[in-house]
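# Report on the structure
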Amino acid sequence: VVRVAKAATLTQVSTTTIRGTEVLVLKFSGPGVLTISGKHYRIRRAGAVKLPIKLTSAEKTRLRRHHKLQLKFKLKFVPTRGPAFVKTETVTLKG
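Since the structure is predicted, the reported quantities are computational estimates derived from the model, not experimental observations.

Another aspect to go through is the sheet that holds strand 7 (residues 85-94). What the four strands build is an open sheet, ordered 4-3-6-7; its pairing is antiparallel. Each edge of the sheet is formed by a strand with only one pairing partner; in this case those strands are strand 4 (39-43) and strand 7. With strand direction ignored, the average angle separating the axes of adjacent strands in the sheet is 30°. Where strand 6 (residues 68-79) and strand 7 come together, 10 bridges link them in antiparallel fashion. Opposite Gln70, over in strand 7, you have Thr92 as the bridge partner. Strands in contact with helix 1 (residues 57-66) are strand 6 and strand 7; relative to strand 6, the strand with the most contacts, it is inclined by about 130°.

Shown next, in the form of structure tokens:
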């Protein structure tokens, strides 16, 4: 019997606040390389990855005035085994 490991995927996207900073929380089912906003992050094992969200001054103003802000992130994940995929995620910040 030959067992083939499944390709790692992005399983969950959420946000949280840690010490006043908005943080994007991504959960992966295995290792690989994540590219978001032109930066590369090496994911060494399955689990959660926390990335700080840096807002521009215009985004901060909009969040302060409207108490809600939607952000779109283009995520590219290349797992160690399996095909790469690109996914666009929309996250709503409330404040």
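Here we take up unusual backbone geometry. Even without being a glycine, Arg19 presents a positive backbone phi close to 50°. Checked against the element boundaries, Arg19 lands in the loop between strand 1 (10-18) and strand 2 (21-28). For Arg19, a relative accessible area of 84% corresponds to the exposed category. A positive phi is found at Ser37, a non-glycine position, where the angle reads about 55°.

The antiparallel open sheet is built from three strands, whose spatial order is 1-2-5. Each having just a single partner strand, strand 1 and strand 5 (47-52) make up the two edges of the open sheet. On average, adjacent strands in this sheet sit at an angle of 25° to one another, irrespective of strand direction. Relative to strand 5, strand 2 is paired through six bridges, and the arrangement is antiparallel. Looking at the pairing, Val23 lines up with Pro52 of strand 5.

Reading the values: rules and limits
Residues numbered from 1 in each chain as written. Predicted model: local features only at pLDDT ≥ 70, side-chain atom pairs only at ≥ 80, totals over all residues. Heavy atoms only, no water. Pairing = 2+ DSSP bridges. Helix = DSSP H or I, 4+ residues; strand = E, 2+ residues; numbered from the N terminus. Axes fitted to C-alpha atoms, helices over the stretch in contact; angles between N-to-C directions. Contact = heavy atoms within 4.5 Å. Buried < 20%, exposed > 50% of the residue type's maximum accessible area, 1.4 Å probe, protein only.

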